Amino acid sequence: MSASVERGQRYTSVAIALHWLIGLAILAMVVMGLLMVHGSLAPADKFRLYQLHKSVGLTILILAVLRLVWRFSHRPPTLPADMPAWERGAAEGTHVVLYAFMIGLPLVGWALVSASPFNLPTVLYGVLPWPHLSFLSSLPAASKKSVGAVLEMVHAYGAYVLIAFVALHAGAALRHYFIEQDTILQRMIPGLPRFGARSTTRP
């Protein structure tokens, strides 16, 4: 049986598309990041992967900003009235953290690239040139080294925090689907078959 989620109780098609595009891009970034750090790649392959990593990261930044603008201009569906207050707070807090990292982490990466003493250009997908942040790219070499070290640490640890919150977000959605058996997940995946016969409103 298919889930019966009314149109007003689910996210808009644009919100759904942006959500899954960002999710896939983050997954790609995780795979690329692990390969860049732990993979045994030839220098040329590692360089190409690094360039792709920058392109996908900036894509996440653009998509996340668009998603946030869309969220402010199109009210998302409300959470079930019978959801416990702590769960509502956790859901809303997790969304705030996710937006902060989806926007903040690419910005840190952009700053890191801009402060690099190698001064390598960024060209999105090999087509569109992307400028460095001038206030960082114009720093003296010694300053670039120290600033870059800090930015690199923030970027690396920030990535792990983002991964943790994405896993938490996905785990909560799966909990609602398999354990709570409500229609929370169907709001982002219209037409997803129900796992059980319970509705969002519990007796």
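Residues numbered from 1 in each chain as written. Predicted model: local features only at pLDDT ≥ 70, side-chain atom pairs only at ≥ 80, totals over all residues. Heavy atoms only, no water.

Caption draft 1: View of the overall build of the protein. On a plain count of helices and strands, the protein comes out with five helices and two strands. Walking the protein from its N terminus toward its C terminus, one meets helices and strands in the order α-α-α-β-β-α-α. Counting only C-alpha atoms and orienting by the principal axes, one finds that the protein spans roughly 65 × 35 × 30 Å. When the 203 residues of the protein are sorted by exposure, 34% land in the buried category. Relative to all contacts within the protein whose residues are 6 or more apart in sequence, the contacts with residues 24 or more apart total 66%. Just so you have it, the protein exposes about 12100 Å², and 72% of that area is on carbon and sulfur atoms. (Helix = DSSP H or I, 4+ residues; strand = E, 2+ residues; numbered from the N terminus. Buried < 20%, exposed > 50% of the residue type's maximum accessible area, 1.4 Å probe, protein only. Contact = heavy atoms within 4.5 Å. Areas by Shrake-Rupley, 256 points an atom, 1.4 Å probe, with all protein chains shown as cover.)

Caption draft 2: Examining the nonpolar core more closely. Core analysis: the biggest nonpolar cluster contains 30 residues, and Ile22, Ile60 and Met102 have the highest contact counts within it. Within the residue set of this core, elements represented by two or more residues are α1 (13–38), α2 (43–73), α3 (85–115) and α5 (141–180). Top contributing element to this core by residue count: α3, with 10 residues. When sequence neighbours within four positions are dropped, the list of residues in contact with isoleucine 22 reads Ile60, Leu63, Ala64, Arg67 and Met102. (Core = buried A, V, L, I, M, F, W, Y, C linked by side-chain atoms within 4.5 Å.)

Caption draft 3: Highlighting the packing of α2 against α3. In the contact formed by α2 and α3, the axes pass within 9 Å of each other and the chain directions differ by 140°. Here α3 runs oblique to α2, going by the angle between their axes. Crossing hand, α2 versus α3: left-handed. Here Tyr50, Lys54, Gly57, Leu58, Ile60, Leu61, Ala64, Val65, Arg67, Leu68 and Arg71 of α2 come into contact with α3, specifically with His95, Tyr99, Met102, Ile103, Pro106, Leu107, Trp110 and Val113. In the contact of α2 with α3, the residues fall into 14 nonpolar, two polar and three charged. (Axes fitted to C-alpha atoms, helices over the stretch in contact; angles between N-to-C directions. Parallel < 35°, antiparallel > 145°, perpendicular 65-115°, else oblique. Left-handed = near helix turned anticlockwise from the far one by under 90°. Nonpolar A, V, L, I, M, F, W, Y, C, P; charged D, E, K, R; others polar.)

Caption draft 4: Just the confidence of the model for the protein, in detail. Predicted confidence across the protein gives a mean pLDDT of 91, with 92% of residues reaching 70 or more. By mean pLDDT, the top-scoring element of the protein is strand β2 (residues 128–130) (97), and the lowest-scoring one is α1 (95). Every residue in residues 198–203 is under pLDDT 50, and counting partners more than four places away or in other chains gives 14 contacts. (pLDDT = per-residue confidence, 0-100.)

Caption draft 5: Local environment of the packing of α3 against α5. Between α3 and α5, the shortest axis-to-axis distance is 8 Å and the interhelical angle comes to 150°. With respect to each other, α3 and α5 are oriented roughly antiparallel. When you trace α3 past α5, the crossing you get is left-handed. When its residues are assigned to classes, the contact of α3 with α5 shows 18 nonpolar, nine polar and four charged.

Caption draft 6: Local environment of the packing of aromatic side chains. Enumeration over the complete set of coordinates arrives at two aromatic pairs. Measuring from ring centre to ring centre gives 5.3 Å for tryptophan 110 and tryptophan 130, while their planes differ by 65°; the resulting arrangement is edge-to-face. Of this pair, tryptophan 110 sits in helix α3 while tryptophan 130 sits in strand β2, placing them 20 residues apart in sequence. (Phe/Tyr/Trp six-rings, centres within 6.5 Å; stacked < 30°, edge-to-face > 60°.)

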